[in-house]
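# Results of the structural survey
Listed below are the residues making up each chain.
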Amino acid sequence: MQAQSEIEGLRQAIQSKDEEIERLRMAATGAQAQVGGAHQVPQMPSPLREFFWDDLYKPLRDALWPVDGGLEVELADEPAALLNYVKTLTPDDGWLIPSSKKSDPDDMDVEDEDEGKGEDPNADDDVNDHDGEGADSNDGEDVDDGPATVRYIDLDANKTLALLGLKRELTRRSPTATFILRHEYTLFMRYAMRMASKPNYQARFFVTGQPGIGKSFGCYYSLFWLLALGQSVFFLNSPTNVYFFCSDGVQKTQKIPEEWPEITKAIEESWVLIDIDDIGEWSCPEIFNDARCVIWTSSPREPRKKHFLKTFAAEPWYMRAWSSKEIAALTERYAIDHSKILEKLDVGGPVPRWLFGLGFAPMPATLEQSIREALLDNLFAFTPIDASAHCVFLLQPLVVIDKRGRACFQRSDYSAEFLSPYIAQKTIDLVQDQFERVQGQLAAALNVSVTRSVAGKVVDGLMHRALTRSIRRTKR
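This write-up is about the structure you can find in this document. Keep in mind the model is a prediction, meaning the values are calculated, not measured. (Residues numbered from 1 in each chain as written. Predicted model: local features only at pLDDT ≥ 70, side-chain atom pairs only at ≥ 80, totals over all residues. Heavy atoms only, no water.)

### Quick look at helix H10 (residues 302-312)
Taken as a whole, H10 has its buried residues at Glu302, Arg304, Lys305, Phe308 and Phe312. One side of H10 carries all its buried residues, which in axial view fall inside an arc of 165 degrees. Exposed side chains of H10 directed beyond 90 degrees from the buried face belong to Pro303, Lys306 and Lys310. Of the surrounding secondary structure, the elements contacted by the buried residues of H10 are strand S6 (203-209), strand S11 (293-297) and strand S12 (315-319). Looking at the residues trailing H10, positive phi occurs at Ala313, about 50 degrees. (Buried < 20%, exposed > 50% of the residue type's maximum accessible area, 1.4 Å probe, protein only. Helix = DSSP H or I, 4+ residues; strand = E, 2+ residues; numbered from the N terminus. Arc of directions from axis to C-beta. Contact = heavy atoms within 4.5 Å.)

Given below as structure tokens:
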């Protein structure tokens, strides 16, 4: 009995000591806070499990994240916190039109409207719904429509926004480094926001198109938009880089852990942006299927696209090539001689990666070799993943006729045009030399929407040459 009393006394003494230690710790903390005053840095909350706090993109997040905690993410208007950084330019593209306007609506692959395709990505309730009806299938913007002005962000004046490729642009082009906010980017984000707000609809998109036209920059724009709304985002720019932008800051990990409930909850409340275009076999983690919206920007690598579309029930969105206004705007910002741009444009087509020095412009000998390689198999049976085809063809959204009789883009499918007049002419030269072997390919290509335009131009060119030779013989 005495021993038990002694044990109880010891237990109470230990408890008193613990309480005294805790009081001393609290007093020390209070004194530290009093000394620090207004300069005290709040203690950061714990990051997600297997994540750590990252300082690299914290300034970017802080520059855009709204101080009031954010707006409703269903809003389809560009957020004010982003608009604060946007400038407008009205470029003169008259010097470009003869070279850059490769195809008119009459020259493009046009399909009759396909019922049952679903809501067209380009349908803008504020712009297109003139008669009060809802958005119809394939009821998108007219193929000739586009703003006369071009919007951009001055990266030199806003260095905190220069991440990844934008930082390289800042390094190369200072003091006029420019991020062109393509009309394509705004169209897509309005559509994505609208679809993500629909109940019982999983918003999943594979944004693709011609290599070198700025799909990665489009992903950065989407990130800016979401951060300016106060929307948490998982951003992946490589298989081993996963960033989590949230209300508390920016976290990072090398691989998304799938087994923790807190990770699942964070994903359910977030958007996922993926900008991975390597040639490996990386696939999107299926845990991201719980996200509010998933957007993957990539070149049209066929196996990757098919797997993502099947696993995530995603929609493909084909991005347009640059317009003459956009090319003229960046040419003006960088004060580049018009003749240099025209020379590159006439050979390699409207691809800004080489128009503005972000990549090497294709040499005529290289282009001819690419055409020969494509002809070895079937020039018109190309898949978008084929590297030689990317040097020959320009991928564009398929043009369809909507219920109002307008030519509109159907973003879920694509057509192919020759990248440039030079490439078209060289292709006709090489096809003429091998006409017997490729005439079956031509016949088949004329029956397929993807290749109908390019095949038709080859046939037109061959016919023109044959008629010209016949007239010359007659005159003799």
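### Here's the deal with the sheet that holds strand S10 (residues 271-274)
Read across the sheet, eight strands follow the order S1-S9-S8-S7-S10-S11-S6-S12 without closing on themselves; strand pairing throughout is mixed. The sheet terminates laterally at strand S1 (52-53) and S12, the two strands that pair on one side only. By the bridge criterion, four bridges tie S10 to S11 in an arrangement that is parallel. The residue of S11 that forms the bridge with Trp271 is Cys293. Strand contacts of helix H8 (residues 215-229): S6, strand S7 (233-238), strand S8 (241-246), S10, S11 and S12, with the helix running at about 160 degrees to S10, the strand carrying the most contacts. (Pairing = 2+ DSSP bridges. Axes fitted to C-alpha atoms, helices over the stretch in contact; angles between N-to-C directions.)

### Quick look at unusual backbone geometry
Put simply, Ser174 and Pro175 share a cis peptide bond, and its omega is 10 degrees. For Pro175, the position within the fold is in the loop between helix H6 (165-173) and strand S5 (178-181). A positive phi angle, near 75 degrees, is found at Glu50, a position not held by glycine. Its location among the elements puts Glu50 in the loop between helix H1 (2-36) and S1. Exposure remark for Glu50: the relative accessible area of 45% places this residue in the partly exposed category. Backbone geometry places Ala313, a non-glycine residue, at a positive phi of 50 degrees.

### A word on the side chain of Thr178
With respect to the element layout, Thr178 can be found in strand S5. Taking the relative accessible area as the measure of exposure, Thr178 reaches 2% and is therefore buried. A distance of 2.7 Å separates the side chain of Thr178 from the backbone oxygen of Thr176, its partner in a polar contact. Not counting the four nearest positions on each side in its chain, Thr178 is found in contact with Tyr152, Ile153, Leu155, Glu169, Leu330, Arg333 and Tyr334. (Polar contact = N/O pair within 3.5 Å; in protein donor to acceptor, adjacent residues only side chain to side chain.)

### With respect to the pattern of salt bridges
Applying the stated criterion across every chain, the model contains 16 salt bridges. One salt bridge in this structure joins Glu368 and Arg372, with 3.0 Å as the shortest N-O distance. Taken together, the residues Glu368 and Arg372, both in helix H14 (residues 364-377) and four residues apart, mark about one turn of the helix. Residue classification places Glu368 among the partly exposed positions, given a relative accessible area of 23%. By sharing partners, the salt bridges in this structure join Lys58, Arg61 and Asp62 into a single network. (Salt bridge = Lys/Arg side-chain N within 4 Å of Asp/Glu carboxyl O.)

### A short note on the packing of H14 against helix H17 (residues 435-445)
Where H14 meets H17, the axes come as close as 10 Å, and the angle between the chain directions of the two elements is 75 degrees. As summarised for this structure, H14 and H17 are arranged roughly perpendicular, according to the angle between their axes. Side by side, H14 and H17 meet where Leu375, Leu376 and Asp377 of the first sit next to Arg437, Val438 and Gln441 of the second. By residue class, the composition of the contact of H14 with H17 is three nonpolar, one polar and two charged. (Parallel < 35°, antiparallel > 145°, perpendicular 65-115°, else oblique. Nonpolar A, V, L, I, M, F, W, Y, C, P; charged D, E, K, R; others polar.)

Limitation: the analysis is restricted to geometry and does not speak to function.
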